[in-house]
Amino acid sequence: MKLHNDETLRKMVRKAAFLNALKHNGKAQTGAILGRIIGQKKELKTKVKELSILIGKEVNEVNLLSVQDQKRIVQENWPESLRKEKTREDEKGLPDLPDADKYDEITTRFSPNPDCVLHLGSARAIILSHNYARLYEGRFILRFEDTDPKVKKPVLEFYQKIREDLDWLGCKADEEYIQSDRLSIYYEHAERLLREANAYVCTCPSERFREKVLAKDPCDCRGFSAEKNLNRWQLMLEGFYGEGEAVVRVKTDIEHPNPAVRDWPALRIIDTCNYPHPRLGSKYIVWPLYNMAAGVDDHLMGITHIIRGKEHLTNQVRQEYMYKHLGWKYPEAIHYGRLKITGAYLSKSKIVQGIKEGVYKDWDDPRLATFAALRKRGITSEAIERMIIDVGPKTADVTLSWENLYAYNRKIIDPICSRYFFVSKPVELTIRNVPRIFKAELPRHPEKPERGFREYTSKPQGKEKRVYLWIAKNDADNAETGKIFRLIGLFNVKIERISTDSLEASFFGEAYEEARKKRAKLIHWVSRFGEIACQVIMPDARVDEGVAESACKELKPNTVIQFERFGFVRVDENDAKLIAYYAHK
Ligand SMILES: [Zn+2]
């Protein structure tokens, strides 16, 4: 459909134009509205040109009106919008950012170390930072913090994997920076701090420095002149010192109650001949530490709001000293509580170690809570987003379970997924005396008959009028001689004989009522003609082998479906065999 003919979209644009006009003295701005609409309707990203024309048209009309008229129209049509705070919470479920009005453009960032793929533990930082930027029509920055080639060594493949994860989450960055490209910037600021006697090169052995600092006793290096410090800095850069022999320290209150704050290290030497950086090899030996690099970047990149876990509170205290030295204002910082997801491995080191040792096959192993694994299992990014927004940026610790995430996901996929039969660990069921041909009409969706049916014909064979089916081992294990089952969509059967991997039964009427009266269990089945082999990989990496009904042959990879009485799965491959990953019940 042409965007100009999309009445819902036009109304949305019109509303956005009016609200934007009121924010800007009666003059709405096309660019800001464009960002907002695309933020809400991501599928329009590919139609930016057409959308801009549509917005431009509405903006022109709105801007012709007086502010008074604009206010009146908003009051009449969207009175709720005039109560700003309220609206934001209603629409997005996120509380307002502190002091948002003080800034022209809200800018947030997500700053991962590319030493691992992203996992559910990062979702909160990503989604809150991204959604706040969109909510305020601001900028969302992706910054790779890759300045530790030794202990938290970055890995080339993860830069791209992280970008892909953000895309999948619908949190594509407006700008991207890589800290290892910016070493000269950190050097420049280090020099300024040294020149202005706000930092010093410390060559004390770390043990000795720790003792002194714990005793609130400055080391000798702290008292050296700026000139001497710049000299020693030069020696650092030239390779005069080895690893661990010199660090640049930022001066703080040497009596600060928290010893971890006192004169924190800002830059140090790493022997990149032995620990080459994946992007830069051994080009540099002086590397900024976290607080130096992040602190300088947050200021230079114009970050207005830092949204991160409360474990960073001490880092803020450290960085504020540097900000003061440099005459900068520290951004607004929101520190949310810990988000624990029971049963999920959220530690990077455990993931990396497990991969190295071959415990996990790959980054998308279903046992992991990486985004790649969740994606593979058919967990939607929308479910993750809704869960995170409901949790919000509150400071209290929150514990969620896999079940919580599944509930969000179920709500999204249940109304759209088609239903199919998958028989796990199939057991033969042969039914005798089936009086006629039966046609099973199984709805693709129980509440949406308009989506059509899967149709199977059961034609009795031979003198004994036999019908041949597969049923799941779970159901077969429940069978007892004389017990009645109802085969969903077909008829009732009475179990006659049970052997290890097959059951025999006889036809026992077709009325559903009768099955109900006998409290017969409704079981699903797959015809022994035309079935396809199917493998479901479970969240614990166990493989469930079975057969799926022939309609599954049409399924394209990446489709999420429900195997009735089994669970939701995502089709991964569908060639000779259907391979699916289990999402949840
Ligand atoms: Zn020292």
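Residues numbered from 1 in each chain as written. Predicted model: local features only at pLDDT ≥ 70, side-chain atom pairs only at ≥ 80, totals over all residues. Heavy atoms only, no water.

(A) Spotlight on the overall build of the protein chain. On a plain count of helices and strands, the protein chain comes out with 18 helices and 27 strands. Its C-alpha atoms put the protein chain at 105 × 65 × 40 Å along the principal axes. Contacts in the protein chain between residues far apart in sequence, at least 24 positions, make up 69% of those at least 6 positions apart. Just so you have it, the protein chain exposes about 27900 Å², and 49% of that area is on carbon and sulfur atoms. Charge-centre separation for the protein chain: the mean point of 99 positive side chains lies 3 Å from the mean point of 86 negative side chains. (Helix = DSSP H or I, 4+ residues; strand = E, 2+ residues; numbered from the N terminus. Contact = heavy atoms within 4.5 Å. Areas by Shrake-Rupley, 256 points an atom, 1.4 Å probe, with all protein chains shown as cover. Lys, Arg positive; Asp, Glu negative; His and termini not counted. Charge placed at Lys NZ, Arg CZ, Asp CG, Glu CD.)

(B) Focus on the pairing of strand β2 (residues 139-144). The buried count for β2 comes to six of six residues, which makes it a mostly enclosed element. Burial along β2 is two-sided: the face carrying Arg-139, Ile-141 and Arg-143 and the face carrying Phe-140, Leu-142 and Phe-144 are both buried. Pairing of strand β1 (residues 107-110) with β2, which is carried by four bridges, proceeds in the parallel orientation. Its bridge partner lying in β2, Phe-110 is registered against Leu-142. As for the winding sense of the linkage, the β-α-β connection from β1 through helix α6 (residues 123-135) to β2 is right-handed. Note that β2 and strand β3 (residues 175-178) share four bridges and pair parallel. Bridge pairing in β3 places Phe-144 opposite Ile-178. You can see the chain leave β2, run along helix α7 (residues 156-168) and come back into β3, and the turn it takes is right-handed. (Buried < 20%, exposed > 50% of the residue type's maximum accessible area, 1.4 Å probe, protein only. Pairing = 2+ DSSP bridges. Right-handed = clockwise from strand over helix to strand, strands pointing away.)

(C) Structural context of the coordination of the zinc ion. Protein-derived ligands of the zinc ion are Cys-202 (SG), Cys-204 (SG), Cys-219 (SG) and Cys-221 (SG), with the metal-ligand distances lying across 2.3 to 2.4 Å. Taken together, the four donor atoms coordinating the zinc ion span angles of 102 to 118° at the metal, a pattern that classifies the geometry as tetrahedral. Each donor residue of the zinc ion lies on the same chain, and together they follow the pattern C-x1-C-x14-C-x1-C. By the burial criterion, Cys-202 is buried, and Cys-204 matches it. (Donors = N, O, S within 2.8 Å, 3.2 Å for Na, K, Ca; no water. Tetrahedral: all angles 85-135°; square planar, octahedral: opposite > 155°, others 65-115°.)

(D) Inspection of the environment of Glu-243 at higher detail. Tracing the chain through its elements places Glu-243 in the loop between α10 (226-238) and β5 (247-250). It is 9.3 Å that separates the C-alpha atoms of Glu-243 and Val-286, two residues lying 43 residues apart in sequence. What Glu-243 contacts, discounting residues up to four positions off in sequence, is Lys-150, Ile-269, Ile-270, Asp-271 and Tyr-275.

(E) Focus on the sheet that holds strand β6 (residues 265-269). Taken in spatial order, the four strands make up an open sheet running β4-β5-β6-β7, and their pairing is antiparallel. Every other strand in the sheet has two partners, leaving β4 (199-202) and β7 (286-288) as the edge strands with one partner each. Taking each pair of neighbouring strands and ignoring which way they run, the sheet shows an average axis angle of 20°. Where β5 meets β6, three bridges bridge the pair, whose relative direction is antiparallel. The residue bridging Arg-249 from the neighbouring strand is Pro-265, located in β6. Running at roughly 55° to β4, α10 makes contact with β4, β5, β6 and β7 of the sheet. (Axes fitted to C-alpha atoms, helices over the stretch in contact; angles between N-to-C directions.)

(F) Quick look at the sheet that holds strand β22 (residues 526-527). Across the sheet, which stays open at both edges, the seven strands sit in the order β21-β18-β19-β20-β14-β17-β22 with mixed pairing between neighbours. Both edges of this open sheet fall to β21 (521-523) and β22, since each of them pairs with a single strand only. As defined by bridge partners, strand β17 (residues 467-472) adjoins β22 across two bridges and the pair is classed as antiparallel. Paired with Trp-470 across the bridge in β22 is Val-526.

(G) Spatial organisation of the state of the cysteines. Scanning the model with the defined rule gives zero disulfides in all. Cys-552 provides the cysteine sulfur closest to Cys-417, a residue in no disulfide bond, and the two sulfurs are 13 Å apart. (Disulfide = S-S within 2.5 Å.)

(H) Here's a closer look at the pattern of salt bridges. Taken as a whole, this structure holds 51 salt bridges when the rule is applied. In this structure, Arg-367 and Asp-365 form a salt bridge, with 2.8 Å as the shortest nitrogen-oxygen distance. The exposure class of Arg-367 is partly exposed, given its relative accessible area of 29%. Here Asp-475 and Arg-565 are joined by a salt bridge, their closest N and O atoms 2.9 Å apart. Taken together, the positions of Asp-475 in helix α17 (residues 473-477) and Arg-565 in the loop between β25 (560-563) and β26 (567-574) put the pair 90 residues apart, joining distant regions of the chain. A relative accessible area of 37% means that Arg-565 is categorised as partly exposed. Several salt bridges converge on common partners, so that one network encompasses Arg-109, Arg-143, Glu-145, Arg-182, Asp-297 and Asp-298. (Salt bridge = Lys/Arg side-chain N within 4 Å of Asp/Glu carboxyl O.)

(I) Summary view of the packing of helix α1 (residues 7-23) against helix α2 (residues 30-40). The contact between α1 and α2 brings their axes to 10 Å, and the two run at 135°. Taken together, the axis directions place α1 and α2 in an arrangement best described as oblique. Between α1 and α2 lies a crossing whose hand is right-handed. Each of Leu-9, Met-12, Val-13, Ala-16, Ala-17 and Asn-20 in α1 lies in contact with α2, whose residues at this interface are Ala-32, Ile-33, Ile-37 and Gln-40. When the residues that make up the contact of α1 with α2 are grouped by side-chain class, the tally is eight nonpolar, two polar and no charged. (Parallel < 35°, antiparallel > 145°, perpendicular 65-115°, else oblique. Left-handed = near helix turned anticlockwise from the far one by under 90°. Nonpolar A, V, L, I, M, F, W, Y, C, P; charged D, E, K, R; others polar.)

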